[in-house]
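Working through the structure, step by step
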There are 2 protein chains.
Amino acid sequence: MLKAIQFLGSSSGFVAYRWNWIPHSTSCFISVSNPLSYSTSTKGPTRKLLLSSFSSRKATSLRPIRAQSTRSESKMDGTSSSSATVHSAANARKINFCQWCGGATKHEIPDGEEKTRAICTICGKIAYQNPKMVVGCLIEHDNKILLCKRNIQPSYGLWTLPAGYLEIGESAAEGAIRETWEEARAEVEVVSPFAQLDIPLIGQTYIIFIAKLKKPHFSPGPESLECRLFSLDDIPFDSLAFSSMFVTLNLYIEDVKGGSLKFHYGTINKRPGTSPSDIHAYTLDYHLQS
Amino acid sequence: MLKAIQFLGSSSGFVAYRWNWIPHSTSCFISVSNPLSYSTSTKGPTRKLLLSSFSSRKATSLRPIRAQSTRSESKMDGTSSSSATVHSAANARKINFCQWCGGATKHEIPDGEEKTRAICTICGKIAYQNPKMVVGCLIEHDNKILLCKRNIQPSYGLWTLPAGYLEIGESAAEGAIRETWEEARAEVEVVSPFAQLDIPLIGQTYIIFIAKLKKPHFSPGPESLECRLFSLDDIPFDSLAFSSMFVTLNLYIEDVKGGSLKFHYGTINKRPGTSPSDIHAYTLDYHLQS
């Protein structure tokens, strides 16, 4: 289950990838500033990416470039998948009532804190709002990876890694395995952590694991139209569902070409003035590797 | 701000570290099953640990050993820091009312889902409960690390890495930097991701970054009694505040001794029948490295 709202906001990070998406051309290359440089091709529209490759524990400082795309950004909201009126996670739907006693809330800064919170006027409990984790699997099989074509909105008909909200009471690995079963009817084993990608504007953090099939079987679950293995050259970059998946797949390709998988931490900051539907309109800030 | 409830539950993972805590002895060694083996000493009570060290993308399968400790487990609850009646995050305080319209909730399985949720009987919105992220820094300075002695409950007077709940609208790195300032009045730069440790029973995920001081200054914030740099041999393992910090610091020592820092993913599963106050009564499951 992957339902997302990814809205636009300011890019405040001090460290950035430089992405430049050039649609409707016929070849693709990834120019890596240092030390790697390689090129590859895709069947989809061309993308020209400036991906900075750096040693472990070192961050990039490339300036962002405005990207161009016509793809729709995804929507996700842990409390509802239908609202499109939320413009920032920090201002997400006002909490007007206490979940536990039903009392009306006031919005004040509690003693000893610095931020305004929703405080129950009856029982005094504070309703904190925290980011949500989305967990998923990048499944390797026969030098290909498994993608699911979405059978639900948002991003109906677009491709994604199997992923969804982490449930209370389960670990991220368990959640990623569960989501993979739900969306791709695939039994997988998690192999290693691969990426953590925060999207602060919408209060989401993506945790992606490298995984492998326990059995060579998969089929679309109710939320998928189709599940298919793609070679790296055939990944449908022109019809991906989410920025998080676009980043994940590019980092994965970069690592594979470089000969070793790393763990990537990064913040996806949507760029001001760009459409919520543009999954390429962002900077990847704070990119750190282990 | 680090407020935690870490309660006991079942260990369901298939992969486990084996920890054996022996208090009140005078020497400490960490026996590593494969391939590393080394010993070190601490000034605190002796601990004998069986730490499994394995190559990247490989997991352990050691059986858990019951640990002994008299230390109090920490408490954390995103909605309140005062309740000690919560025994499982999955059964955490019932949601009785809708936060948005104030309507009474019913607890049913929504169409297309598999789990019981709190559904508003008036507006129909579903109140999902998701795990919360705790973010913090492991700060390296002059071959020492920075710890804070807690000035608040739970775990008053015990030592911890600066850490606290990730706020909506910020990235994990930003949150870790903020928490470090709040608790240790230290300006830090995050250097690399170091660990993700899930504690499913209480609905928490710890994200710890390696960081360094921008300036060699720090002092206790309001939530700390004291902040101090410790050499690895002097880390107060006998008076740590949380299981998550105990695991993080041991993994860090293991990596330092091995010559390189890795990224660690793992699940801290509290063992049934042990006290909530025992920070050593757990198994570390699904331990994976990148």
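These numbers were taken from a predicted model, which means no experiment stands behind them.

This brings us to the UniProt feature "domain: Nudix hydrolase" (unreviewed entry) in chain A. Taking the UniProt record as the reference, the feature "domain: Nudix hydrolase" (unreviewed entry) is found at residues 130-253 of chain A. Across residues 130-253 of chain A one finds 19% helix and 42% strand; the C-alpha atoms that close the span lie 32 Å apart.

Once that is clear, we can look at the interface of chain B and chain A. Residue-level contacts link 63 residues of chain B with 63 residues of chain A. Between the two partners, chain B and chain A, sit 2 salt bridges. Arg117(A) is paired through a salt bridge with Glu167(B); the nearest N and O atoms lie 2.6 Å apart. Counting across the interface, chain B meets chain A through 18 residue pairs in polar contact (both at pLDDT 80 or more). Of all the secondary-structure elements, those providing two or more residues to the side of chain B that touches chain A are strand E7 (126-127), strand E8 (132-141), helix H1 (172-184), strand E12 (188-199), strand E13 (204-213), strand E15 (264-270) and strand E16 (282-289) of chain B. Ranked by residues supplied to the side of chain B that touches chain A, first place goes to E12(B) with 6 residues.

This brings us to the packing of aromatic side chains. Residue and element names in this part refer to chain A. Taken as a whole and assessed by the stated rule, the structure comprises 11 aromatic pairs over all chains. Ring geometry for Phe246 and Tyr282: centres 6.4 Å apart, planes at 75 degrees, overall edge-to-face. Within this pair, whereas Phe246 is found in helix H2 (residues 243-258), its partner Tyr282 is found in strand E16 (residues 282-289), the two being separated by 36 residues in sequence. Overall, Phe246 belongs to the buried group, its relative accessible area being 1%.

The next thing to look at is unusual backbone geometry. Of the consecutive residues Gln153(A) and Pro154(A), the connecting peptide bond is found in the cis state with omega at -5 degrees. Note that Pro154(A) resides in the loop between strand E9 (144-150) and strand E10 (159-160). Here Tyr286(A), not a glycine, exhibits a phi torsion of approximately 55 degrees, which is positive. In this structure, Tyr286(A) sits in strand E16. Although it is not a glycine, Asp142(B) sits at a positive phi angle of roughly 50 degrees. Inspection of the secondary structure puts Asp142(B) in the loop between E8 and strand E9 (144-150). Judged by relative accessible area, which is 61%, Asp142(B) ranks as exposed.

Parameters and conventions
- Residues numbered from 1 in each chain as written.
- Chains lettered and ligands numbered in written order.
- Predicted model: local features only at pLDDT ≥ 70, side-chain atom pairs only at ≥ 80, totals over all residues.
- Heavy atoms only, no water.
- UniProt positions renumbered as here; feature names shortened; annotations may be inferred.
- Helix = DSSP H or I, 4+ residues; strand = E, 2+ residues; numbered from the N terminus.
- Contact = heavy atoms within 4.5 Å.
- Salt bridge = Lys/Arg side-chain N within 4 Å of Asp/Glu carboxyl O.
- Polar contact = N/O pair within 3.5 Å; in protein donor to acceptor, adjacent residues only side chain to side chain.
- Phe/Tyr/Trp six-rings, centres within 6.5 Å; stacked < 30°, edge-to-face > 60°.
- Buried < 20%, exposed > 50% of the residue type's maximum accessible area, 1.4 Å probe, protein only.

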